[in-house]
Amino acid sequence: MFEVLEAKNLAPDIRYLRIEAPKIARRRKPGQFVIVRASSNGERIPLTIADAHPAEGWIALICQGVGKTTRQLNTVAAGDRIPDLAGPLGMPSRIERFGNVVAIGGGVGTAIAYPTAAALKEAGNRVVAIIGGRSREYIILEDEMRAVADEVYPTTDDGSYGYHGLVTGPLADLITSGPPIDLVLAIGPIPMMKAVAELTRPHAIETVVSLNPIMVDGTGMCGGCRVEVGGETKFACVDGPEFDAHQVDFELLTRRNTAYRDFEQQRLNEWNASRHDPLGAAL
Amino acid sequence: MNELTLKERMQMSRVAMPEQYPDSRRRNFTEVNLGLTPELAIEEARRCLMCRRAVCIEGCPVGVRITDFIDLVAEGEFDQAAKVIKQDNSLPAICGRVCPQEHQCEGACVLARKGKPIAIGALERFVADYELENDLMQTYSPPHRTGKRVAVVGSGPAGLACATDLARLGHEVTVFEALHELGGVLVYGIPEFRLPKEIVQKEIAQLEEMGVAFVTNAVIGMMDSIDDLLGEEGFEAVFLGVGAGLPRFPQVPGENLIGVYSANEFLTRVNLMKAYRADSDTPLLDLRGRAVSVFGGGNTAMDAVRTAVRLGAAPASIIYRRSEEEMPARREEVHHARQEGVRFSMLATPLEFFGNSAGFLEAVHLQRMELGDPDEGGRRRPVPVPGSEWIEEVGVAVIAIGNSPNPLLPRATPDLDQTRWGTLVTDETTGRTTKRGVFAGGDIVTGGATVILAMGAGRVAAASIDEYLRSGIWTPPKDPAEVTG
């Protein structure tokens with residue numbers, strides 16, 4: 001059992017959980033994830049480690065409530081215990097001195113981009129961050145990003161804060177009018193990552209994305225997280241989760257992530273119903 | 001003493017294992033084989049010829065004293081029989097159910113020539129279940145504690161067997177498991193209807209009583225490294241029984257469509273994550289009324305196809321590229337699968353999977369094969385028959401063609417030598433790897449094999465670990481020509 005030390009909302013449906021896990025905290029490198037199982041008959045889901053403190057022995061996860069499992073996880077409070085947490089898993093982000101780096105986070109993707117952006121800064125890169133959200137309240141980790149990045153451009157779909165539009169707007173400006181870019185890191189919804197990849201491709205700017213396929217064990221055993229990169233099948237859990245954006249088959253990833261949509265919707269409806277009706281929950 | 005004459009014994013027929021009727025078991029996940037009654041067990045045991053040279057024992061990878069325990073069963077001394085088995089096999093309730101006896105003890109039995117070998121597997125299971133059900137388990141407290149600590153990585157059959165022997169020798173053992181539940185392939189791979197999870201839990205509980213510690217959610221290599229275990233964690237030896245890792249796919253177009261599962265994923269979703277139960281949050285594609293094809297001919301393929309039957313697949317098929325004779329599955333599994341209505345399509349191989357616009361599998365393009373010359377393994381090689389392709393409708397495909405070794409541990413441990421297949425280099429007689437204090441056994445060394453072979457390897461390693469802990473002398477594997485691969 002893993003004790004939750006702190007839990008708070010960062011945005012509507014996006015929650016920050018600081019969890020005691022000394023061994024994972026000590027080993028974890030930016031870009032790696034854990035598998036979480038939030039209840040005894042729950043699913044195993046992968047969540048990227050947003051932050052870690054080896055000396056204090058905790059890791060932080062940032063989770064967006066989308067389906068039943070993530071919403072259930074987001075009901076935990078400080079002092080609660082999470083039954084299962086395994087990791088760190090996956091290959092760490094490639095941290096080198098690239099030069100000029102643009103780190104892009106879309107929605108909760110900022111939580112995944114942040115630790116890698118911080119590590120890239122520490123490795124001597126100039127880091128420009130673009131962090132997007134539907135509206136102002138969905139922009140997360142802005143202060144943290146400002147602390148590690150040389151420049152930060154928030155963007156909102158509705159124009160309520162920062163640049164009015166998608167993250168590709170400021171990126172296009174940086175490509176045309178800024179200093180040459182050596183690496184783009186883009187983490188967020190699949191359409192966003194794909195749009196970034198298409199934008200940087202003609203300029204041959206190295207672009208890395210972190211993929212979020214459906215997983216079960218997270219250790220290479222099941223192969224459920226198969227993605228195609230450069231025409232080859234890769235397991236996101238052991239070969240990734242970060243890949244060359246220009247080689248990723250985003251259509252395949254999008255389709256594979258819809259495999260259980262009906263089931264997920266049904267479970268979510270049941271969950272929502274049980275939340276609104278306390279008697280229902282007891283049954 | 002058995003008062004029957006040799007002739008009388010030879011005339012008796014082999015008792016049949018009572019089992020659930022095919023029509024009812026097709027719809028449930030409870031165990032198919034119901035187990036022998038005490039009367040049936042005694043009757044079967046009395047049939048044993050008590051050969052002076054017990055060839056059955058030679059056929060057993062862990063050398064269970066088969067004639068001794070069968071003699072005790074014939075006398076009705078079931079608890080004593082259990083003790084005899086447990087001297088050589090710590091997990092008899094599991095082995096009695098899943099060992100390929102026809103290739104081992106029962107295959108060697110002299111009565112096998114007459115087609116009715118002693119049902120050694122059924123007797124082993126009976127004795128083990130009798131012990132479990134009547135709570136007669138004896139905690140084998142070791143004569144002394146050595147104070148030596150050993151880490152066992154992986155709680156599957158190799159790890160459990162190794163841990164048992166080490167604990168009996170008085171060593172302090174901690175078993176690390178990557179998943180949230182203990183048992184490895186015994187819980188994520190082998191289905192409930194063939195090996196009830198309660199049996200696995202009970203056998204593991206016995207190890208806990210012996211003082212073995214278990215840690216779940218521990219992905220060694222990613223969390224603690226092997227050097228951490230041997231260093232600050234204070235273990236003096238490490239056994240690696242991490243199993244076969246990555247599922248193989250046939251490398252044909254369309255294999256990443258939704259609906260193409262590896263057997264590992266399909267079985268894990270059902271067995272470990274209980275996707276067949278209404279209260280499980282882990283999904284599985286709906287198989288009811290859909291054609292499900294399982295590719296492969298081993299026990300895993302049989303487990304997958306029989307699971308599909310229980311989840312409503314119609315038809316459920318095995319598609320195998322050689323003929324039935326070459327199928328590595330236990331004969332009983334093939335027989336049970338057939339009784340449950342599984343369709344067997346032999347000498348066929350997939351060329352491509354086709355899907356709809358949403359990316360869901362709809363059909364498979366197959367090719368007829370014929371058997372050519374034998375390969376290095378002695379099995380006849382399947383050769384494509386030109387112009388024999390056809391297309392079949394299929395809703396879900398399960399790929400059960402084997403696994404490649406998991407890269408996580410070797411990647412994190414550069415001084416652990418691998419063979420060109422990615423398995424670990426070990427000395428077969430000691431389980432020693434190329435890294436001092438580190439031993440390995442089971443599928444991570446042999447590639448995909450059986451529960452009992454993994455257990456045997458775990459036991460070999462345990463003896464060698466004990467020797468190393470006492471002597472402190474480390475002899476690495478011999479020259480590569482003698483090394484297993």
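Description of the structure in this document. Nothing here was measured: the structure is a model prediction, and the numbers come from that model.

Conventions we followed
- Residues numbered from 1 in each chain as written.
- Chains lettered and ligands numbered in written order.
- Predicted model: local features only at pLDDT ≥ 70, side-chain atom pairs only at ≥ 80, totals over all residues.
- Heavy atoms only, no water.
- Helix = DSSP H or I, 4+ residues; strand = E, 2+ residues; numbered from the N terminus.
- Rg over C-alpha atoms; globule rule 2.2 N^0.38 Å.
- Buried < 20%, exposed > 50% of the residue type's maximum accessible area, 1.4 Å probe, protein only.
- Contact = heavy atoms within 4.5 Å.
- Areas by Shrake-Rupley, 256 points an atom, 1.4 Å probe, with all protein chains shown as cover.
- Pairing = 2+ DSSP bridges.
- Axes fitted to C-alpha atoms, helices over the stretch in contact; angles between N-to-C directions.
- Expected span 1.5 Å × (residues − 1).
- Buried area = accessible area lost by both parts, 1.4 Å probe.
- Salt bridge = Lys/Arg side-chain N within 4 Å of Asp/Glu carboxyl O.
- Polar contact = N/O pair within 3.5 Å; in protein donor to acceptor, adjacent residues only side chain to side chain.
- Nonpolar A, V, L, I, M, F, W, Y, C, P; charged D, E, K, R; others polar.

### A short note on the overall build of chain B
- Within chain B, the regular secondary structure consists of 19 helices and 16 strands.
- Expected size for 485 residues packed as a compact globule is a radius of gyration near 23 Å; at 23 Å, chain B falls within 12% of this value.
- Considering only C-alpha atoms, chain B reaches an extent of 65 × 60 × 50 Å along its principal axes.
- Taken across its 485 residues, chain B has 60% of its residues classed as buried.
- Restricting the contact set of chain B to residue pairs at least 6 apart, pairs at least 24 apart contribute 69%.
- Roughly 19,200 Å² of accessible area belongs to chain B as shown, and the carbon and sulfur atoms make up 50% of that amount.

### Describing the sheet that holds strand β1 (residues 2-11) of chain A
Residue and element names in this part refer to chain A.
- Spatially, seven strands are ordered β6-β1-β2-β5-β4-β3-β7 in an open sheet, and the strand pairing comes out antiparallel. Of all the strands in the sheet, just β6 (81-82) and β7 (84-89) have a single pairing partner and so form its edges.
- As paired strands, strand β3 (residues 33-37) and β7 are joined by four bridges and run antiparallel to one another. Residue pairing for β7: Val-36 is matched across the bridge by Leu-85.
- Strands β4 (45-53) and β5 (58-64) of the sheet are contacted by helix α3 (residues 109-122), whose axis makes an angle of about 45 degrees with β4.

### A closer look at α3(A)
Residue and element names in this part refer to chain A.
- Its 14 residues give α3 an end-to-end C-alpha distance of 20 Å, which sits within 8% of 20 Å, the value for a rise of 1.5 Å per residue.
- Buried residues dominate α3, accounting for eleven of its 14 residues.
- Two residues or fewer past α3, Gly-124 is found with a positive phi of approximately 100 degrees.

### A closer look at the side chain of Ser225(B)
- Looking at the element boundaries, Ser225(B) is found in the loop between β3 (213-215) and α13 (226-230).
- Residue classification places Ser225(B) among the buried positions, given a relative accessible area of 14%.

### Let's talk about the interface of chain B and chain A
- Chain B puts 45 residues into the contact, and the matching count from chain A is 45 residues.
- Contact between chain B and chain A buries roughly 3,700 Å² in total, counting both sides, with carbon and sulfur atoms accounting for 52%.
- It is Met222(B), Asn256(B) and Asp281(B) that lose the most area in chain B upon contact with chain A, and together they represent 21% of the buried surface on that side.
- At the boundary of chain B with chain A, the tally comes to eight salt bridges.
- Residue Glu232(B) is joined to Arg26(A) by a salt bridge in which the shortest nitrogen-to-oxygen separation is 2.6 Å.
- At the junction of chain B and chain A, the tally comes to 26 residue pairs in polar contact (both at pLDDT 80 or more).
- When contributions to the side of chain B that touches chain A are tallied by element, the ones reaching two or more residues are β5 (244-247), β6 (260-262), α14 (263-272) and α17 (408-412) of chain B.
- If one sorts the elements of the side of chain B that touches chain A by residue count, α14(B) sits on top with four residues.
- Split into classes, the residues belonging to the side of chain B that touches chain A amount to 21 nonpolar, 13 polar and eleven charged.

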